[in-house]
Amino acid sequence: MSNGHDLAPSRAAIDAKLRKILSDVLGLAADDVAAFDADTGLFGHLPELDSMAVAGLLTEMEDQLDIIIEDDDVDGEMLETYGGLLAFAEAKAVKA
């Protein structure tokens, strides 16, 4: 029975897409990104993720995850760890 709304993507689906986006946008090896856990540091830890790369990352997240990211959504905490970025993406996907 459908209520007219698509179900939000699963955590696993968002996780897989987010890892692919990080790999593609930052030019990181898929094996390296696959090893990321919730505590893996991103901004300030990965040299590939500089302020210029953040814009590309957020744009790609919007496109691939079909979400809208407002300027005031973006903060250091959301970009600090992979877990933080995943939680942000999940919350956005649920609202979309």
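So, here's what we can say about the structure.

With respect to the nonpolar core
Core analysis: the biggest nonpolar cluster contains 27 residues, and Leu22, Phe36, Leu49, Leu57, Met61 and Leu85 have the highest contact counts within it. Counting residues per element, the ones that place at least two in this core are α1 (11-26), α3 (51-65), α4 (76-80) and α5 (82-95). Leaving out residues up to four positions away in the same chain, Leu49 has contacts with Leu26, Leu42, Phe43, Val54 and Leu57.

Side note on the side chain of Glu90
Positionally, Glu90 belongs in helix α5. Residues in contact with Glu90, not counting those within four places in the same chain, are Arg11 and Ile14.

Re the pattern of salt bridges
Considering all chains together, one arrives at 4 salt bridges under this definition. Taking the shortest distance from any N to any O, the salt bridge between Asp15 and Arg19 comes out at 3.1 Å. Placement of both Asp15 and Arg19 in helix α1 is noted, with a separation of 4 residues, approximately one turn of the helix. Of the charged contacts, one joins Asp73 and Lys92 as a salt bridge, the two residues approaching to 2.6 Å between their closest N and O atoms. Taken together, the residues Asp73 in the loop between α3 and α4 and Lys92 in helix α5 connect sequence positions 19 residues apart.

Observations regarding α3
Between its first and last C-alpha, α3 extends 21 Å over 15 residues, near the 21 Å set by a 1.5 Å rise per residue. Ala53, Val54, Leu57, Leu58, Met61 and Leu65 are the residues of α3 that are buried. The buried residues of α3 occupy one face: seen down the axis, they fall within an arc of 140°. Exposed residues lying more than 90 degrees from the buried face of α3 are Met52 and Asp63.

How each quantity is defined
- Just so you know, the residues in each chain are numbered from 1, in the order the chain's sequence is written.
- Local features in a predicted model are, by the rule used here, given only for residues with pLDDT of at least 70; side-chain atom pairs are given and counted only at 80 or more, and totals for whole chains, interfaces and linings are based on all residues.
- To get the side-chain values, take all heavy atoms of the structure and skip hydrogens and water.
- Here, nonpolar core refers to any group of buried Ala, Val, Leu, Ile, Met, Phe, Trp, Tyr and Cys residues whose side-chain atoms link them within 4.5 Å.
- Classification of residues uses two cut-offs on accessible area relative to the type maximum, computed with a 1.4 Å probe and protein chains only: under 20% is buried, over 50% is exposed, and between them is partly exposed.
- Each helix is a run of DSSP H or I of at least 4 residues and each strand a run of E of at least 2, with the numbering of both proceeding from the N terminus.
- Only heavy atoms enter the contact rule, under which two residues are in contact if any of them lie within 4.5 Å.
- For this document, the term salt bridge refers to a Lys or Arg side-chain nitrogen within 4 Å of an Asp or Glu carboxyl oxygen.
- Under the convention used throughout, the expected extent of a helix is 1.5 Å for every residue step, that is, one less than its residue count.
- To obtain the arc, one takes the directions from the helix axis to the C-beta atoms.

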